[in-house]
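The residues making up each chain are set out below.
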Amino acid sequence: MQDVNSSENTHGSYEKANPYKYGCIMYMHLANYGATQISLVVGMSLFTVKYTIKRVDETGSPEPRKGSGRPRKIDERTERHLVQIVSFITEEQLYVEYMP
């Protein structure tokens, strides 16, 4: 029986893949192995294997695309400055100043 915390064939569990695993997926795919076989050998979920193969067909790279994400409202310098200001205000001062 396999231990839950073991690193052996974690088929179906979430694990951030390294580039080597992506290369293995593509090599086995080009060698005409099925997605289920690849999934068992590489230790990644069947969905991840199929999605990786699809991503290579669409973009030419097995690496995940960078998220487009919303840009930050404030930069790091402003954030540090705000943290400095807020750290000097006590909870009692906030209550007196902003509560009726």
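These figures come from a predicted structure and were not determined experimentally.

When you look at the overall build of the protein chain in this model, what are you seeing that I'm missing?
A count of helical and extended segments in the protein chain gives 5 helices and 0 strands. Walking the protein chain from its N terminus toward its C terminus, one meets helices and strands in the order α-α-α-α-α. Sorting the 100 residues of the protein chain into buried and exposed places 19% on the buried side. With an accessible surface of roughly 8,800 Å², the protein chain has 57% of that area assigned to carbon and sulfur atoms.

Just checking my understanding: could you explain the packing of aromatic side chains for this structure?
Aromatic rings in a pair are described by how distant their centres are and how their planes are angled relative to each other. Counted according to the given criterion, the structure contains 1 aromatic pair. Relative to tyrosine 51, the ring of phenylalanine 47 lies with its centre 5.9 Å away and its plane at 10°, an arrangement referred to as stacked. With a gap of 4 residues between them, phenylalanine 47 and tyrosine 51 both fall in helix H3 (residues 46-59), about one helical turn apart.

Looking at this model, I keep getting lost on the packing of helix H1 (residues 19-30) against helix H2 (residues 35-42). Mind explaining?
Helix-helix packing: each pair is described by the crossing angle between the helix axes and the interaxial distance. In contact at an axis separation of 10 Å, H1 and H2 are set at 145° when each is read in the N-to-C sense. Once H1 is placed against H2, the crossing between them reads as right-handed. Contact residues: H1 offers Lys21, Cys24, Ile25, Met28 and His29, while H2 offers Gln37, Ile38, Val41 and Val42. Here the residues of the contact of H1 with H2 sort into 6 nonpolar, 2 polar and 1 charged.

How each quantity is defined
Residues numbered from 1 in each chain as written. Predicted model: local features only at pLDDT ≥ 70, side-chain atom pairs only at ≥ 80, totals over all residues. Heavy atoms only, no water. Helix = DSSP H or I, 4+ residues; strand = E, 2+ residues; numbered from the N terminus. Buried < 20%, exposed > 50% of the residue type's maximum accessible area, 1.4 Å probe, protein only. Areas by Shrake-Rupley, 256 points an atom, 1.4 Å probe, with all protein chains shown as cover. Phe/Tyr/Trp six-rings, centres within 6.5 Å; stacked < 30°, edge-to-face > 60°. Axes fitted to C-alpha atoms, helices over the stretch in contact; angles between N-to-C directions. Left-handed = near helix turned anticlockwise from the far one by under 90°. Contact = heavy atoms within 4.5 Å. Nonpolar A, V, L, I, M, F, W, Y, C, P; charged D, E, K, R; others polar.

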